[in-house]
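Next come the chains, spelled out residue by residue.
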Amino acid sequence: MKTSTAIKIMICTAFIFQVFPVSGQTVNTGTVVIAQGTEVSTMEDFDNKEGATVHNDGTFFVYGNFNNDGLVSFTPGATTGNTLFRGLYGAQNISGNMPSDFFNVLFDNPATQPAFHLSGDIGVYGNAEFRDGIVDGDMYGGLVTFYQGASHQQVSDISFVDGKVRKTGNEPFDYPIGDGGYYRSAYMSEPSELSDHFTSQYILKNSNTLYPHSDKENNIEIIDNGEYWEINRTAGMSDIVLTLTWNEATTPSDILRKEEGKAIHIVRWDAVNKRWKDEGGVTDNEEKTVTTAVSGYGIFTFAKVRTEEEPTGLVIYNGVSPNGDGRNDFFYIKGLENYPENTVEIYNRWGVKVYEAKGYNNTNVRFDGYSHGRATLNKGKLLPTGTYFYILKYNDNNRLRDQSGYLYIN
């Protein structure tokens, strides 16, 4: 039975459509509505022509190539609508002049990698499941966008996006990106505005060719010559906290080697001054991460930097046990009263801001283990035991300083 015939049998009694086989493919020139609880399969290529519509609130199996020059969507506010890319004949092309909007989408194709050649743009509103197969938008020019509330699961070295991924909204996000057979995400904290969006890509190449490693700040010793990330703020004015993970298979051993007076930091190519800039960083050896609040956007990677600091008189006590026994009941920064022009921000390990304050003074403005401030998680509630990340910025004789590190709530 032809694929198009199967579609007619399933939906002709309920919907208006114009679907017909052409040279071994299914072509839609009208409207196809896949109702909730309904399954539709296209065993061969599917082509949604200009002016045509596919409205999917059910389950749509795509076994061949997929092209969209019309409208592919679902009912706004619905929690159904699954599109499953499962290749039967090798790699699948996902193309088209118009973006395709999916609620839930599955990538599952064990073909020779990359299994999905993405030249069109797709949007995810629910969940994207990366079961098997790399989605290659780098070579083919496509873009994957995750909208507010969207998520992903099962990302691994055998299934990720090789290319640009955009995230819109004011949520923290772990980008499902990689290159060369390695999943190498970038994790950002929540932007401040719903309309903001950031776009990220991981590149398994030496950045020195395009961004010379000899042009750098003095305290930077060695720059990662095996990989880099491109992270751009493509709309809005938000600042973010960025977390990158290292991998012994891709990150050079010279960067990871422990040395006295030196640390792994995140560095950024400063496109204005044409040199690498130290963005700082706090290392979590257990999670293999480096986290920092970035001062700009563009090209990022790791570097080994010298960490000698000028004395400021500040002592940070990074253990908080808010149990009312009078010991370590709040986040104590000794000496901060000498720098009244200051801000303190605290994030959980998923990049959600749980506290922010100006004029932190250890008395009436202090962090006591409860969620406070604008746009924080579970405002006014005691935070769970765990590791958090703090950023301290302060004015020292008209010199803006910043300090960051980990904070432990027990």
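This section reports on the structure supplied with the text. (Residues numbered from 1 in each chain as written. Predicted model: local features only at pLDDT ≥ 70, side-chain atom pairs only at ≥ 80, totals over all residues. Heavy atoms only, no water.)

**With respect to unusual backbone geometry**
Working step 1: Cis geometry is found at the peptide bond from Q113 to P114, where omega equals 0°.
Working step 2: When you line up the elements, P114 lands in the loop between β13 (104–108) and β14 (116–118).
Working step 3: A positive phi is found at K274, a non-glycine position, where the angle reads about 55°.
Working step 4: Note that K274 resides in the loop between β30 (262–270) and β31 (275–278). (Helix = DSSP H or I, 4+ residues; strand = E, 2+ residues; numbered from the N terminus.)

**Some remarks on the sheet that holds strand β4 (residues 39–42)**
Working step 1: With parallel pairing, the six strands of this open sheet are ordered in space as β4-β7-β10-β13-β16-β19. Of all strands in the sheet, those with a lone pairing partner are β4 and β19 (151–153), marking the two edges. Pairwise comparison of adjacent strand axes, ignoring direction, gives a mean angle of 15° for this sheet.
Working step 2: Judged from the four bridges that link them, β4 and strand β7 (residues 59–62) form a sheet pairing that is parallel. If you follow T42 over to β7, its bridge partner there is V62. (Pairing = 2+ DSSP bridges. Axes fitted to C-alpha atoms, helices over the stretch in contact; angles between N-to-C directions.)

**Focus on the packing of aromatic side chains**
Working step 1: Evaluated as defined, the whole model comprises 30 aromatic pairs.
Working step 2: On the basis of an interplanar angle of 5° and a centroid distance of 6.1 Å, the ring pair of F61 and Y63 is categorised as stacked.
Working step 3: For the pair F74 and Y125, a centre-to-centre distance of 5.3 Å together with 65° between the ring planes defines the contact as edge-to-face. Of this pair, F74 sits in the loop between β9 (71–73) and β10 (82–85) while Y125 sits in the loop between β15 (121–124) and β16 (127–132), placing them 51 residues apart in sequence.
Working step 4: Over the face of the ring belonging to F330 we find R366, whose NZ or CZ atom lies 4.1 Å from the ring centre. (Phe/Tyr/Trp six-rings, centres within 6.5 Å; stacked < 30°, edge-to-face > 60°. Lys NZ or Arg CZ within 6 Å of the ring centre and 35° of its normal.)

**A closer look at the pattern of salt bridges**
Working step 1: One pass over the full model with this rule turns up 19 salt bridges.
Working step 2: Between R86 and D108 there is a salt bridge, with its nearest N and O atoms 3.7 Å apart. Pair noted here: R86 is in the loop between β10 and β11 (92–95) and D108 is in strand β13, with a separation of 22 residues, a long-range link.
Working step 3: Across the pair E171 and K167 runs a salt bridge, and its minimum N-O distance is 2.8 Å.
Working step 4: Residue K167 is classed as buried on the basis of its relative accessible area, which comes to 1%. (Salt bridge = Lys/Arg side-chain N within 4 Å of Asp/Glu carboxyl O. Buried < 20%, exposed > 50% of the residue type's maximum accessible area, 1.4 Å probe, protein only.)

**Some thoughts on the pairing of strand β39 (residues 353–358)**
Looking down a regular strand, the side chains alternate between one sheet face and the other.
Working step 1: Sheet topology note: the strand β38 (residues 342–348)/β39 ladder contains five bridges and is antiparallel. Paired with Y347 across the strands is K353, a residue of β39.
Working step 2: In this structure, the hairpin formed by β38 and β39 is closed by a connection of four residues, where G351 is found at a positive phi of approximately 85°.

**What to know about the sheet that holds strand β22 (residues 173–174)**
Backbone hydrogen bonds are what pair the strands of a sheet, in a parallel or an antiparallel way.
Working step 1: Taken in spatial order, the five strands of this open sheet run β22-β25-β29-β33-β32, and their pairing is antiparallel. A single partner strand is all that each edge strand has here, and the edge strands are β22 and β32 (282–284).
Working step 2: The sheet contact formed by β22 and strand β25 (residues 186–188) spans two bridges and is antiparallel. From the neighbouring strand, F173 faces β25, where its bridge partner is M188.

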